[in-house]
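Architecture and fold: a report
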Amino acid sequence: MSALSQLRLQQVIDRYEEVEARMGATSNTNEIIALSKEHAELRPVVEKARALMTVRKGLSEAEAMIASGDREMAELAEMEIDDLRERLPGLEQEMQLLLLPKDVDDKADIVLEVRAGTGGDEAALFAGDLFRMYTRFAQIMGWSVEIVDVAPGDAGGYKEIIANVSGDGVFGRMKWESGVHRVQRVPATETQGRIHTSAATVAVLPAPENIEIEVRADDIRIDTMRSSGAGGQHVNTTDSAVRITHLPTGIMVTSSEKSQHVNREKAMDQLKIRLYERERAEKDAARSEARASQIGSGDRSQKVRTYNYPENRLTDHRIGLTLYSLDRIITGDKLGDVIEALITEDQSRRLASLEAGA
């Protein structure tokens, strides 16, 4: 790392100390909350920066002792210099990772949408498998899952299911799941033992805490319906289900709780999230060149993964990852291994991109 990087480390430490000082000086509740959040985010970065600076300083002092010609001091320096040189590259890489630009939505909750694609009943069954996988993974991570809307498949599973997932850093991990998921297996209804290929699409939308999206009353149409409405997508038996259509964009959202008042609020929240995602997608497209080094765009039309049941194989096509533990991944227990591999690869690509542009 260069002298400029040393300056960057000091800038991070200075900002952390400034935040600490301001926390002790202000009585404004909103400012305290914002500063506390920044303080918590900076703490691990500062701890790593201080550790790195300590090792660098120790290495510099040890090298100076060896160069001094003092035999006794040089012998002492030799004892620790190998250890310091061994620790330094790892600390530098960890620091670089911590200083990588963050996705502002990584800590956000999400709206998770799983829809059956090509493959009829088998696609709906697979959509059900995927949703159960995500529900189990959320349980492991300590997240909560709230189903917003569901359209059951005729033979089981789901034609469509939408849920809110909330917890610590949900979007930062789940954003990798957006795209087309393909399954290869023998359906339960297959009498000849032939392997069929079906698909389901997954969309992961960030739900930031404060979405500043203005929705004009003239731009929306609100409809109420029973469970028999909208193609049988709603499970309630009264006219409480709500569908809101955003006329300028054609975006349509629904909520099917028992209370029409609650449904209006939830549907409006869903609409704002989708409008936010639309803005986010437009910004991403505008800076697509900068995203070229990253793993995919999260586009739900991109084929991201194949689940091959006969071979117990999962392949993530974006990074060429193949694991022969599909039975444990599809239950959610080992999905974290796949997500960690995607995060690591993304970090490596972004580091390489930064170094190439340095």
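All values derive from a computational prediction rather than experimental measurement. (Residues numbered from 1 in each chain as written. Predicted model: local features only at pLDDT ≥ 70, side-chain atom pairs only at ≥ 80, totals over all residues. Heavy atoms only, no water.)

What follows covers the nonpolar core. Ranked by internal contacts, the top residues of the largest apolar core, which has 37 residues, are Leu112, Val114, Leu130, Tyr134, Met174 and Tyr307. The greatest single-element share of this core, amounting to eight residues, is contributed by helix H4 (residues 120–141). Once residues within four sequence positions are removed from consideration, Leu112 is found in contact with Phe131, Tyr134, Ile161, Ile162, Ala163, Val165, Met174, Val202, Ala203 and Val204. (Core = buried A, V, L, I, M, F, W, Y, C linked by side-chain atoms within 4.5 Å. Buried < 20%, exposed > 50% of the residue type's maximum accessible area, 1.4 Å probe, protein only. Helix = DSSP H or I, 4+ residues; strand = E, 2+ residues; numbered from the N terminus. Contact = heavy atoms within 4.5 Å.)

Looking now at H4. For an α-helix, the turn length of 3.6 residues means that residues three or four places apart are oriented alike. With 22 residues, H4 ought to run about 32 Å at 1.5 Å a step, and its terminal C-alpha atoms sit 32 Å apart, in line with that. Immediately downstream of H4, the backbone of Gly142 shows phi near 80°, a positive value. (Expected span 1.5 Å × (residues − 1).)

A few words now on the pairing of strand S9 (residues 303–308). Among the six residues of S9, five are classified as buried, and the element is accordingly described as predominantly covered. As judged from the four bridges shared by S9 and strand S10 (residues 313–316), these two strands associate in the antiparallel manner. If you follow Arg305 over to S10, its bridge partner there is Asp316. Hairpin remark: S9 followed by S10, antiparallel, with four residues in the connecting loop; positive phi at Asn312, about 55°. (Pairing = 2+ DSSP bridges.)

Let us look at unusual backbone geometry. In the Ramachandran plot, Asn312 falls in the positive-phi region, its phi being about 55° despite a non-glycine side chain. Overall, Asn312 belongs to the partly exposed group, its relative accessible area being 25%.

As a further point, take the confidence of the model for the protein chain. Confidence along the protein chain averages 83 in pLDDT terms, with 87% of residues attaining 70 or more. Below a pLDDT of 50 lies the segment residues 227–237, which in the model reaches 26 contacts outside its immediate sequence neighbourhood of four places, other chains included. Across residues 287–294, where pLDDT falls below 50, the model places nine contacts with residues more than four positions away in sequence or in other chains. (pLDDT = per-residue confidence, 0-100.)

Inspection of the entire model under this criterion finds three aromatic pairs. Relative to Tyr158, the ring of Phe131 has its centre 6.0 Å away and its plane inclined at 80°; by these criteria the two rings are edge-to-face. Linking Phe131 in helix H4 with Tyr158 in strand S3 (residues 158–166), this pair joins segments that are 27 residues apart in sequence. Tyr158 carries the same exposure label as Phe131, and that label is buried. Relative to Trp143, the ring of Phe137 has its centre 5.6 Å away and its plane inclined at 90°; by these criteria the two rings are edge-to-face. The residues Phe137 and Trp143 share a single accessibility class, namely buried. (Phe/Tyr/Trp six-rings, centres within 6.5 Å; stacked < 30°, edge-to-face > 60°.)

Right, let's get into the sheet that holds strand S4 (residues 179–185). Sheet strands pair via backbone hydrogen bonds, and the direction of the pair is either parallel or antiparallel. Across the sheet, which stays open at both edges, the eight strands sit in the order S2-S3-S1-S5-S4-S9-S10-S11 with mixed pairing between neighbours. Of all strands in the sheet, those with a lone pairing partner are strand S2 (144–152) and strand S11 (321–323), marking the two edges. Averaged over all adjacent pairs, the angle separating strand axes in this sheet is 15°, with direction ignored. For S2 and S3, the ladder comprises eight bridges, and the chain directions are antiparallel. Bridging across to S3, Glu146 finds its partner in Asn164. (Axes fitted to C-alpha atoms, helices over the stretch in contact; angles between N-to-C directions.)

The subject of this paragraph is the packing of helix H2 (residues 29–67) against helix H3 (residues 71–99). Relative orientation and spacing of two packed helices are given, respectively, by the angle between their axes and the distance between those axes. Running from N to C, H2 and H3 cross one another at 150°; their axes reach a closest spacing of 8 Å. One element, H2, and the other, H3, form an angle in the roughly antiparallel class. Regarding H2 and H3, the two cross each other, and that crossing is left-handed. For the contact of H2 with H3, the residue count by class is 21 nonpolar, one polar and eight charged. (Parallel < 35°, antiparallel > 145°, perpendicular 65-115°, else oblique. Left-handed = near helix turned anticlockwise from the far one by under 90°. Nonpolar A, V, L, I, M, F, W, Y, C, P; charged D, E, K, R; others polar.)

The next point concerns the pairing of S10. Alternating positions in S10 separate into two faces, Arg313 and Thr315 on one and Leu314 and Asp316 on the other, with burial throughout. Between the antiparallel neighbours S10 and S11 lie four residues, among them Gly320 with a positive phi of about 65°.

Let's shift gears to H2. Across its 39 residues, H2 extends 55 Å between first and last C-alpha, which sits within 8% of the 57 Å expected from 1.5 Å per residue. At Leu42, H2 shows its strongest bend, of approximately 35°, with the proline Pro44 following within four residues. Its side-chain oxygen placed 3.0 Å from the backbone nitrogen of Asn30, Asn28 serves as the N-cap of H2. The first or second residue beyond H2 is Gly69, which carries a positive phi of 90°. (Bend = angle between axes of the 7 residues up to and from the residue. Polar contact = N/O pair within 3.5 Å; in protein donor to acceptor, adjacent residues only side chain to side chain.)

Another point: a negative patch on the surface. Residues Glu61, Glu78, Glu80, Asp82, Asp83 and Glu86 make up a contiguous surface patch of negative charge. For the negative patch, the element with the most residues is H3, which contributes five residues. Examined against the element boundaries, Glu61 turns out to sit in helix H2. (Patch = residues over 30% accessible without salt bridge, like charges linked within 9 Å, V, L, I, M, F, W, Y side chains within 5 Å. Areas by Shrake-Rupley, 256 points an atom, 1.4 Å probe, with all protein chains shown as cover. Salt bridge = Lys/Arg side-chain N within 4 Å of Asp/Glu carboxyl O. Lys, Arg positive; Asp, Glu negative; His and termini not counted. Charge placed at Lys NZ, Arg CZ, Asp CG, Glu CD.)

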